[in-house]
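Architecture and fold: a report
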Amino acid sequence: MKMKKYVVKDIKEALEQIKKDLGEDAIILSTRSVKKGGFLGIGAKRYLEVTAVCEDKDQERKESSEVYRLQELLVKNREKRQEEELKELKQMIQEMKQMLGMQRMNDLPQNLQKLLKGMQAQEIEQSVASKIIEYLRISYGDVNLDDSLRQRLAEHLVAFMKTEVPNLEGAVLFTGPTGVGKTTTLAKLAARLKIVEKKQVAILTLDTYRIAATDQLKTYATIMDIPMRIAYTPKEAKIELDAMRSFDVVLIDTAGRSQNNDMQMSELKALFDVIQPNLAFLVISMNSRFSDLKDVLERFQAARHTHLILTKMDETRTFGHLINASLLGGIPLAFITNGQRVPEDIVEANAKDIAYLLSKEVLRIAQSS
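Keep in mind that this is a model prediction, so the values were computed, not measured.

**Side note on the overall build of the protein**
Helix and strand content of the protein: 12 helices and 11 strands. A total of 369 residues make up the protein; the buried ones form 40% of that total. For the protein, restricting intrachain contacts to residue pairs at least 6 apart in sequence, the fraction spanning at least 24 positions comes to 74%. Accessible surface, the protein as shown: approximately 21,300 Å² in total, 51% of it carbon and sulfur.

Right, dumping it as structure tokens:
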């Protein structure tokens, strides 16, 4: 609040000065007649003393800003509490489902119990396992754990799978957590595209955090006689892509990112928004835990991936992620890698082959229990 007094000849003069100094929103608080000048009061002239006030805009903006920051903080705290409460609720629901599931499992015929244990051992998503077991219970009562069941089980598993091998052309982005084998997978596909499909291929890497990764990719590129360029920022990547328009495919390698790092997820989104790839592969390791798989699929949505690649199948005997990844991620599985050899150890994802493999492993466990 600003306050100012004016000694003027009349109210008109006062209004002009108030408007000039305090603005049109000022308010006159008081007026009074005063004497000024003369000698010992003799010959003094009468003037008008006017007191006016207005809001202090700078202070008002400061206070408004502080109020806004306080409101923002309160909203963030409330959202954080709501997230924590939601997580606790989900955990509670999950525990109740598990308790109910155990109860229902005990009520199942013996062989169906064994079959369910086999599906759980393969870490097949709970809702998928429950639906298949319930269908078999209603349809057959119980089942024989023989080879005829493998075919029926595979047919049911296929219904929950989503696979698609896209045509690789234009800018193709590879992202994923650290240590999942993005660079090796990219090299395998580069060799396939050049040697088998006879396409003009180039490689662009933004994985400048690890010198070893760049050197590894350079080695692959030199062996396959494929041009390779390095970009340090999304803007540079866009410039390099524009310069490589003559190639059929440009495979883009990126640094591994932690799904728990908000800044890295923001950087990934910014990269995607700038380069606008034709395809975007999310690369995930088959030997990751189920909870980590769900977390990665949820957090990496920032890059709006089009397809999945599952790696390191040779390093695990648990194959449930072959169903879980596409089911939870909502995008199709395109490729699976099963070794370190370039370019041999990569296969196209085929729903029937995956279902047969899974049913074989589930039945093996069920028969041994």
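**Concerning the sheet that holds strand β2 (residues 27-36)**
The sheet built from three strands is open, its strands ordered β1-β3-β2 with antiparallel pairing. Looking at the sheet topology across the chains shown, the edges are occupied by β1 (2-8) and β2. Strand after strand, the sheet turns through a mean of 20° between neighbouring axes, direction not considered. Looking at chain direction, β2 and strand β3 (residues 45-54) are connected through nine bridges and run antiparallel. The partner of Arg32 across the bridge, within β3, is Glu49. On top of the sheet, helix α1 (residues 11-22) reaches β1, β2 and β3; it is set at about 150° to β1, its chief contact.

**Some points on the packing of helix α3 (residues 110-121) against helix α4 (residues 126-140)**
At a minimum axis distance of 10 Å, the contact between α3 and α4 shows a crossing angle of 160°. What the angle tells us is that α3 and α4 run roughly antiparallel. Read as a crossing pair, α3 and α4 show a hand that is right-handed. Of the residues in α4, those touching α3 at Leu112, Leu115, Leu116 and Met119 are Val128, Ala129, Ile132, Ile133, Leu136 and Arg137. For the contact of α3 with α4, the residue count by class is nine nonpolar, no polar and one charged.

Rules used in this analysis
Residues numbered from 1 in each chain as written. Predicted model: local features only at pLDDT ≥ 70, side-chain atom pairs only at ≥ 80, totals over all residues. Heavy atoms only, no water. Helix = DSSP H or I, 4+ residues; strand = E, 2+ residues; numbered from the N terminus. Buried < 20%, exposed > 50% of the residue type's maximum accessible area, 1.4 Å probe, protein only. Contact = heavy atoms within 4.5 Å. Areas by Shrake-Rupley, 256 points an atom, 1.4 Å probe, with all protein chains shown as cover. Pairing = 2+ DSSP bridges. Axes fitted to C-alpha atoms, helices over the stretch in contact; angles between N-to-C directions. Parallel < 35°, antiparallel > 145°, perpendicular 65-115°, else oblique. Left-handed = near helix turned anticlockwise from the far one by under 90°. Nonpolar A, V, L, I, M, F, W, Y, C, P; charged D, E, K, R; others polar.

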